[in-house]
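Structure assessment
Each chain, written out:
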Amino acid sequence: MKILLVDDEKINALSASRLLEKHGYEVTVASNGQEALDRLDESDFDCILMDIQMPEMDGYEAIDRIRDEFVFGEKSKTPIIAMTGHCYSDAYEEFKRAGIKHYICKPFDFNNLLEVIKKATS
């Protein structure tokens, strides 16, 4: 399974990608929303892990652009898992409005991340 991991924190991205690779995932890393769009334009992914708060282009804007069927066609339906350090009671409603069905709070438990990936891609 190919995963696009989008996170501006290099240590977070490195540790998550290494753990995912140990579990058999192929991981491509992008450090902001624009890089995520570029990677998605170049390749197909089974799932996108998207940090919400990033410089240059945040996760919400990147997700909005990814969901544009005229730009990304079938890729616009790629499951996206939001990753955020700001989990509060209304977060899920915000994510749903942005077209995100699944999210995980940072710092996250890796086993929980694996469960969320399985849910999002099944």
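First things first, this report covers the structure right here in the doc. (Residues numbered from 1 in each chain as written. Predicted model: local features only at pLDDT ≥ 70, side-chain atom pairs only at ≥ 80, totals over all residues. Heavy atoms only, no water.)

1. Concerning the packing of helix α2 (residues 33–42) against helix α3 (residues 59–66)
- Axis separation between α2 and α3 bottoms out at 8 Å; the angle between their running directions is 25 degrees. Taken as axis vectors, α2 and α3 run roughly parallel relative to one another. Pair α2 / α3 crosses with right-handed handedness. For the pair formed by α2 and α3, the contact residues are G33, Q34, L37 and L40 on the first element and A62, R65 and I66 on the second.
- Looking at the contact of α2 with α3, its residues break down into four nonpolar, two polar and one charged. (Axes fitted to C-alpha atoms, helices over the stretch in contact; angles between N-to-C directions. Helix = DSSP H or I, 4+ residues; strand = E, 2+ residues; numbered from the N terminus. Parallel < 35°, antiparallel > 145°, perpendicular 65-115°, else oblique. Left-handed = near helix turned anticlockwise from the far one by under 90°. Contact = heavy atoms within 4.5 Å. Nonpolar A, V, L, I, M, F, W, Y, C, P; charged D, E, K, R; others polar.)

2. Some points on the side chain of N32
- Structurally, N32 can be placed in the loop between β2 (26–30) and α2.
- What makes N32 buried here is its relative accessible area of 6%.
- Separated by 3.4 Å, the side chains of N32 and E56 make a polar contact.
- Sequence-distant contacts of N32, defined by excluding residues within four places in its chain, comprise V6, M54, P55, E56 and M57. (Buried < 20%, exposed > 50% of the residue type's maximum accessible area, 1.4 Å probe, protein only. Polar contact = N/O pair within 3.5 Å; in protein donor to acceptor, adjacent residues only side chain to side chain.)

3. Here's the deal with α2
- Taken together, the buried positions of α2 are occupied by G33, A36, L37 and L40. Buried residues of α2, seen end-on, are gathered within an arc of 100 degrees and therefore sit on one face of the element. Turned more than 90 degrees away from the buried face of α2, the exposed residues are D41 and E42.
- Along its buried surface, α2 packs onto β1 (2–6), β2, β3 (47–51), α3 and α4 (69–72).
- Backbone nitrogen of Q34 and a side-chain oxygen of the N-cap are separated by 3.0 Å at the start of α2; the cap is N32. (Arc of directions from axis to C-beta.)

4. Structural notes on the pairing of strand β4 (residues 80–84)
- With respect to burial, β4 is a largely interior element, five of its five residues being buried.
- Across four bridges, the pairing between β3 and β4 is parallel. Bridged to L49 within β4 is I81.
- Where β4 and strand β5 (residues 102–105) come together, four bridges link them in parallel fashion. Directly across from T84, in β5, lies its bridge partner C105. (Pairing = 2+ DSSP bridges.)

5. Overview of the pattern of salt bridges
- In the structure shown here, the tally under the stated rule is six salt bridges.
- The shortest N-O distance in the salt bridge between K106 and D7 comes to 2.9 Å. Within this pair, whereas K106 is found in the loop between β5 and α6 (110–121), its partner D7 is found in the loop between β1 and α1 (10–22), the two being separated by 99 residues in sequence.
- A salt bridge links E61 to R65; the shortest N-O distance between them is 2.7 Å. Highlighted residues: E61 and R65, both in helix α3, separated by four residues, approximately one helical turn.
- Overall, E61 belongs to the partly exposed group, its relative accessible area being 33%.
- Judged by relative accessible area, R65 falls into the partly exposed class, the value being 38%.
- Connected through salt bridges with shared partners, the residues D7, D51 and K106 form a single ionic network. (Salt bridge = Lys/Arg side-chain N within 4 Å of Asp/Glu carboxyl O.)

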